[in-house]
Structures are given as structure tokens and as C-alpha cells.
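Structure assessment
Below, each chain spelled out in residue letters.
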Amino acid sequence: MTASTNDIEKAAGVLRTGGLVALPTETVYGLGANAEDPAAVARIFQVKGRPPSHPLIVHIGSADRLDDWVQDVPPAARLLAEHFWPGPLTLVLRRGRRVPLEATGGLQTVAVRVPDHPVALALLSAFGGGITAPSANRFGSVSPTTADHVRAELGDGVDMVLDGGPCEVGVESTIVDATGDAPVILRPGGVSREDLEAVLGCSLAVPSTSRVRVPGQHPSHYAPRARVVLVEPEKVVAEAELAQELGHRVGVFLPPAFADAAVKAHAVAAVPASMAAYARELYGFLRELDQQGCDLIIASLPTEEGLGLAIANRLRRAAGPRPTV
Ligand code: AMP
Ligand code: MG
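Residues numbered from 1 in each chain as written. Chains lettered and ligands numbered in written order. Predicted model: local features only at pLDDT ≥ 70, side-chain atom pairs only at ≥ 80, totals over all residues. Heavy atoms only, no water.

**Description of the overall build of the protein chain**
The helix and strand tally for the protein chain stands at 10 helices and 14 strands. Compactness check: the protein chain gives a C-alpha radius of gyration of 19 Å against a globular reference of 20 Å for 325 residues, within 12% of the reference. The dimensions of the protein chain, computed from C-alpha atoms along their principal axes, are 60 × 45 × 35 Å. The 325 residues of the protein chain split such that 56% are buried. For the protein chain, the share of sequence-separated contacts (at least 6 apart) that also reach a separation of at least 24 residues comes to 67%. When the accessible surface of the protein chain is summed, it comes to about 13800 Å², and 51% of that surface belongs to carbon and sulfur atoms. Counting 29 positive and 36 negative side-chain charges, the protein chain places the averaged centre of each group 6 Å from the other. (Helix = DSSP H or I, 4+ residues; strand = E, 2+ residues; numbered from the N terminus. Rg over C-alpha atoms; globule rule 2.2 N^0.38 Å. Buried < 20%, exposed > 50% of the residue type's maximum accessible area, 1.4 Å probe, protein only. Contact = heavy atoms within 4.5 Å. Areas by Shrake-Rupley, 256 points an atom, 1.4 Å probe, with all protein chains shown as cover. Lys, Arg positive; Asp, Glu negative; His and termini not counted. Charge placed at Lys NZ, Arg CZ, Asp CG, Glu CD.)

This is the structure in C-alpha cells:
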């Protein structure tokens with residue numbers, strides 16, 4: 001059930017009194033707090049189990065308000081904001097004085113975006129300020145794309161969950177660092193590299209993740225409970241059946257070219273041919289295979305073009321080495 005005007009007013013009140021509100025955006029659900037309330041921001045880190053050095057995104061109601069939150073906006077950032085906001089693009093810029101260091105993990109830069117979701121925009125408008133929000137999941141795990149995912153994962157940790165239906169984009173925003181001479185993609189996401197390049201009229205670097213200190217860029221992130229193993233698309237069926245024979249409960253991401261294969265596995269998720277549909281379904285698939293009790297997920301990477309770049313990035317991280325506890 002989509003949030004009513006009443007729910008939105010109530011949520012704005014929760015934010016004003018230092019509470020946490022889970023809110024829908026077009027990318028994934030966020031765990032939101034008043035960006036200017038250091039104690040509320042600190043609670044986000046506590047509820048997520050996220051290290052406090054990992055900066056958050058400040059969500060604002062419109063591009064016109066950008067200068068309230070940042071300083072020294074270069075022309076390229078202005079151009080990107082005009083073109084892609086509201087939308088799944090986050091700009092990293094110099095921190096404005098309103099933004100507490102708690103929200104930026106101590107950095108002098110801040111990540112800002114205008115989300116493209118009617119409920120998020122209505123909440124921003126009712127609240128009036130900025131809402132700082134990372135994805136509404138426990139640190140390192142799969143981002144939520146429905147209100148039920150949020151409730152299942154964070155339970156009482158959040159004061160209110162606004163339901164806005166399933167997220168349209170399904171993967172996080174593209175993060176562009178606009179503080180240097182040339183903009184750089186820190187994290188691929190819902191706006192494709194090609195679309196950014198078309199607007200900027202130049203090619204964009206996607207630096208190797210190891211050089212960039214950005215949460216979401218740890219080796220293991222966006223990870224389900226099941227171990228994820230990536231293989232060539234034409235090997236998915238054989239590898240899955242072998243692992244199943246060896247006693248694993250295997251979940252398969254079946255590539256579209258093999259949609260007709262009758263694969264002998266514990267559970268199968270049929271990967272859509274359209275990258276937009278795949279991005280929308282990706283985290284739901286990972287959660288579903290976990291729920292079905294899979295201990296191993298066999299998947300392949302899509303071609304890294306358009307949204308395929310973000311999908312491949314998330315799959316690699318889901319398959320990354322896990323921290324030993
Ligand atoms: P999450 O929504 O959980 O992915 O977290 C917010 C994302 O914002 C993180 O993944 C960071 O990569 C990014 N971020 C926030 N602030 C900054 C910053 N100042 N510099 C670089 N990345 C940032
Ligand atoms: Mg996250």
C-alpha cells in the first residue's frame with residue numbers, strides 16, 4: 001500500500017524529532033534521518049551496523065536547493081544535476097556548512113542527489129530539509145527494493161516505514177565525484193556511463209575500485225547469505241548441476257540465452273533479457289534464493305554496457321571474499 005498524505009506528514013514529524021524513516025526511492029529503499037541532526041545520523045550507523053567512516057547520501061527536494069548543501073559547484077556538476085535530477089545520479093561535491101561531519105564520515109565532501117520517487121519527493125517537501133539516507137539494510141547485505149524487505153531486515157530499528165511499492169530502478173545511484181578537474185564515476189548505478197558521457201561530451205573514467213574509498217566498494221557487499229560464484233554464461237547450467245550433485249542447494253541465475261534449459265537445481269531465477277528489468281529484479285532474486293534455502297548461487301556477468309555495468313559491479317561484490325568473523 002502506497003503511503004498516504006497522512007503517512008507522509010507523520011514521517012516528516014518523525015524526522016523532525018530525530019527519528020528514522022525508511023523511504024522508497026526509485027533506486028532502493030533508504031534509511032532516512034534529518035541530515036542536520038548529528039544524533040539521528042549516528043543512529044543510522046548503529047541500526048545498519050555500518051562503520052561511521054562510511055559517508056551517506058544527502059537527499060534533497062530539488063536541484064535549485066543544491067547550493068544550500070554544497071560549495072563550489074563546477075559547471076559539469078551543474079549540467080549533470082540539470083539533466084539527471086530527479087534521478088539515480090549522486091554528485092560528490094565540497095561539503096556545505098549545513099552538513100554535519102557525521103553524515104560525511106568526516107570527509108570535507110558530501111554526496112547529494114534528488115530522488116525520483118513521488119513518496120520521497122513528497123516527504124522531502126513536507127519535511128523541508130535534507131534527508132540523509134543509505135540503503136535500508138544491514139551493512140554489507142542486499143539492498144531492499146520493497147517495503148517488506150525493509151521490515152524483514154530492520155524490524156524495530158526503524159521508527160516508520162513508508163511504502164512506495166517496488167523500486168523502479170532496483171540498483172543504487174551512479175556516484176560521480178565532481179570535485180576534481182574531470183568528473184569520475186565512483187560507483188556505477190542507475191544512470192549509465194554512456195548517458196553521462198553523452199551529456200558531458202567527454203569520456204568518463206571508472207577507476208579501479210581498490211583505489212577509491214567508497215562504501216559499497218568493499219570486496220564483499222550487496223551479498224546474500226548464500227555464496228555467489230560467477231562463471232561464463234555457457235557454463236552456468238553444467239556448473240549448477242555439478243554443485244547440486246555434490247550436495248549443495250544450488251540457486252541458478254539462468255541467463256536469457258538458456259531460458260529453455262531444464263536445469264536440475266534447488267531453485268532457478270530466470271534472468272530477464274532487458275537490463276532494466278534485470279536491475280529491477282536483481283536484489284529480489286538474491287533474497288528469494290536465500291529464502292529458498294540455497295547455500296550456493298551460480299550466476300554469470302551481463303555485458304558491461306548501459307545498466308549492465310552496475311549489475312556486473314553488484315554481482316562481483318556479491319561474489320567477493322567475505323570478512324571472516
Ligand atoms: P549506500 O546508499 O548504503 O550505498 O551508501 C551511500 C553511498 O554514498 C556510499 O556507497 C558511498 O559510496 C557514497 N558516498 C557518500 N558520500 C560520499 C563522499 N563524500 N565521497 C564518496 N562517496 C560518497
Ligand atoms: Mg548500501
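**Points about the nonpolar core**
Counting residues in each nonpolar core, the largest one holds 45 residues, and the members touching the most others are L80, L89, L91 and L196. Of all the elements in the fold, those that place two or more residues in this core are β2 (30–34), α2 (38–48), α3 (75–84), β5 (89–95), β6 (109–113), α6 (147–154) and α7 (193–200). By residue number, the principal contributor to this core is α2, which donates five residues. Among all residues touching L91, those that are not within four sequence positions of it are A77, L80, A81, W85, V110, A111, V112 and V176. Counting 26 residues, the second-largest nonpolar core is a separate cluster that includes A267, A269, L286 and L307. (Core = buried A, V, L, I, M, F, W, Y, C linked by side-chain atoms within 4.5 Å.)

**Looking at the sheet that holds strand β11 (residues 227–230)**
In space, the four strands of this open sheet follow the order β11-β14-β12-β13, with parallel pairing throughout. At either margin of the open sheet sits one strand with a lone partner, and together these are β11 and β13 (267–270). Averaged over neighbouring strand pairs, the angle between their axes works out to 20° when direction is ignored. Strand direction decides the pairing type here: strand β12 (residues 250–254) and strand β14 (residues 296–299), joined by three bridges, are parallel. Across the sheet, V252 pairs through a bridge with I298, a residue of β14. Contacts from helix α8 (residues 236–245) reach β12 and β14, with the element oriented near 175° to β12. Strands in contact with helix α9 (residues 275–291) are β12, β13 and β14; relative to β12, the strand with the most contacts, it is inclined by about 170°. (Pairing = 2+ DSSP bridges. Axes fitted to C-alpha atoms, helices over the stretch in contact; angles between N-to-C directions.)

**So, the UniProt feature "domain: YrdC-like" (unreviewed entry) in the protein chain**
Within this numbering scheme, the UniProt entry marks residues 5–191 as carrying the feature "domain: YrdC-like" (unreviewed entry). Structurally, residues 5–191 comprises 29% helix and 20% strand, and the distance from its first C-alpha atom to its last is 29 Å. (UniProt positions renumbered as here; feature names shortened; annotations may be inferred.)

**Points about unusual backbone geometry**
Of note, the amide linkage connecting W85 to P86 takes the cis form, showing an omega dihedral of -10°. Locating P86 in the fold gives a position in the loop between α3 and β5. At D72, a residue that is not glycine, the phi angle is positive and equals roughly 55°. In this structure, D72 sits in the loop between β4 (70–71) and α3.

**Considering the environment of R97**
As for its position among the elements, R97 is in the loop between β5 and α4 (101–104). Between the C-alpha atom of R97 and that of C167, which follows or precedes it by 70 residues, the distance is 32 Å.

**Observations concerning helix α1 (residues 5–16)**
With 12 residues, α1 should cover 16 Å at 1.5 Å per step; its first-to-last C-alpha distance of 17 Å lies within 8% of that length. Residues I8, A11, A12, V14 and L15 constitute the buried set of α1. Buried positions in α1, seen along its axis, are confined to an arc of 155° and lie on one side of it. Along α1, the residues that are exposed and aim more than 90 degrees away from the buried face are N6 and K10. (Expected span 1.5 Å × (residues − 1). Arc of directions from axis to C-beta.)

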